[in-house]
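# Understanding the architecture of this molecule
Read off the chains here:
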Amino acid sequence: MTLGLALVATGIIGIFLPLLPTTIFFILAAGCFAKSNPRLENWILTHPKIGPSVIQWQEHKVIPKKAKVFAFTGLTFGYLMFLKMSHPTILLAVTVALIMCAIAAYIASRPSKPMPT
């Protein structure tokens, strides 16, 4: 329950901070609430703005195109800021780039809309 509430709080903060993702925190919170507080899980799933994305993920593992664009933009911006602010060694820069590329590949591999049944 505590973790779910913390995830909801982080998701709400993400609504106002452009580079902080939002939906993933509500997806995780819904998972926490499924076990601890079904009423709060239902609140997330029936919320008009949050619910549809969470349900699409739970049922079909869908990431909409708009969310993918935001994710790729955030990953790119985050990596560029990492390079500018930390001046990493080449090994660290390549390692972080590979991790971010793996994340981007996973995001790209998810469908953008539910598959027809």
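Residues numbered from 1 in each chain as written. Predicted model: local features only at pLDDT ≥ 70, side-chain atom pairs only at ≥ 80, totals over all residues. Heavy atoms only, no water.

If you check an unreviewed UniProt entry, the chain appears there as YbaN family protein from Pseudovibrio brasiliensis.

### Section: the overall build of the chain
Worth spelling out the cut-off: By definition, any uninterrupted DSSP run of H or I lasting at least four residues is a helix, any uninterrupted run of E lasting at least two residues is a strand, and each is numbered from the N terminus. Exposed residues in this analysis have more than 50% of their type's maximum accessible area, buried residues have under 20%, and partly exposed residues fall in between, with area computed by a 1.4 Å probe over protein chains only. In what follows, residue pairs with any heavy atoms lying within 4.5 Å of each other are defined as contacts. Calculation of accessible area relied on Shrake-Rupley with a 1.4 Å probe; when residues are assessed, cover is drawn exclusively from the protein chains displayed.
If you tally the helices and strands in the chain, you get six helices and zero strands. Starting at the N terminus, the α and β elements of the chain follow one another as α-α-α-α-α-α. Its C-alpha atoms put the chain at 50 × 35 × 25 Å along the principal axes. A total of 117 residues make up the chain; the buried ones form 26% of that total. Once local pairs closer than 6 in sequence are excluded, the contacts in the chain between residues at least 24 apart make up 55%. Accessible surface for the chain amounts to roughly 8,000 Å². Of this, 73% is attributable to carbon and sulfur atoms.

### A word on the packing of helix α2 (residues 23-36) against helix α3 (residues 38-46)
The condition is simple: Every axis corresponds to a line fitted to the C-alpha atoms, with the helix fit spanning only the stretch in contact, and the corresponding angles, defined between N-to-C directions, vary from 0 to 180 degrees. What sets the label is the angle itself: under 35 degrees gives roughly parallel, over 145 gives roughly antiparallel, 65 to 115 gives roughly perpendicular, and the rest give oblique. In this scheme the crossing of two helices becomes right-handed for a clockwise turn of the near helix relative to the far one and left-handed for an anticlockwise turn of less than a right angle. Each residue gets one of three labels, nonpolar for Ala, Val, Leu, Ile, Met, Phe, Trp, Tyr, Cys and Pro, charged for Asp, Glu, Lys and Arg, and polar for the others, Gly among them.
For the pair α2 and α3, interaxial distance at closest approach is 7 Å and the crossing angle is 150°. Between α2 and α3, the interaxial angle falls into the category roughly antiparallel. The way α2 lies across α3 gives a crossing that is left-handed. Here α2 contributes Phe 26, Ala 29, Ala 30, Phe 33, Ala 34 and Ser 36 to the contact with α3, which in turn contributes Pro 38, Leu 40, Glu 41 and Ile 44. Residues of the contact of α2 with α3, tallied by class, amount to eight nonpolar, one polar and one charged.

### Quick notes on the packing of helix α5 (residues 65-86) against helix α6 (residues 90-109)
Direction vectors running N to C along α5 and α6 enclose 175°, while the axes themselves pass 10 Å from each other. Classed by the angle they form, the pair α5 and α6 counts as roughly antiparallel. Contact residues: Lys 68, Ala 71, Phe 72, Leu 75, Gly 78, Tyr 79, Phe 82 and Leu 83 in α5; Leu 92, Ala 93, Val 96, Ala 97, Met 100, Ile 103, Ala 104, Ile 107 and Ala 108 in α6. When grouped by side-chain class, the residues that make up the contact of α5 with α6 number 15 nonpolar, one polar and one charged.

### Quick word on the UniProt feature "transmembrane region" (unreviewed entry) in the chain
Just so we agree on the cut-off: UniProt positions are given in the numbering used here, feature names are shortened, and annotations may be inferred rather than shown by experiment.
Under the feature "transmembrane region" (unreviewed entry), the UniProt entry names residues 6-34 and 89-108. The span residues 6-34 is 79% helix and 0% strand, and its two end C-alpha atoms sit 15 Å from each other. Here residues 89-108 runs as 95% helix and 0% strand, with 28 Å between its end C-alpha atoms.

### Details of the packing of aromatic side chains
Test applied: Stacked, edge-to-face and tilted labels apply to pairs of Phe, Tyr and Trp rings (six-membered ring for Trp) whose centres lie within 6.5 Å, assigned for plane angles under 30 degrees, over 60, and everything in between, in that order.
One pass over the full model with this rule turns up one aromatic pair. Ring geometry for Tyr 79 against Phe 82: centres 5.9 Å apart, planes inclined by 40°, an arrangement best described as tilted. With Tyr 79 and Phe 82 both in helix α5 and three residues apart, this pair spans about one turn of that helix.

### Some words on helix α4 (residues 51-60)
Convention followed: An arc is given here, and it is the one of the directions from the helix axis to the C-beta atoms.
Residues of α4 that are buried: Gly 51, Val 54 and Trp 57. Burial along α4 is one-sided: seen end-on, the buried residues are contained in an arc of 135°. The inward-facing, buried residues of α4 abut α2, α3 and α6. One or two residues past the end of α4 sits Lys 61, with phi positive at roughly 55°.

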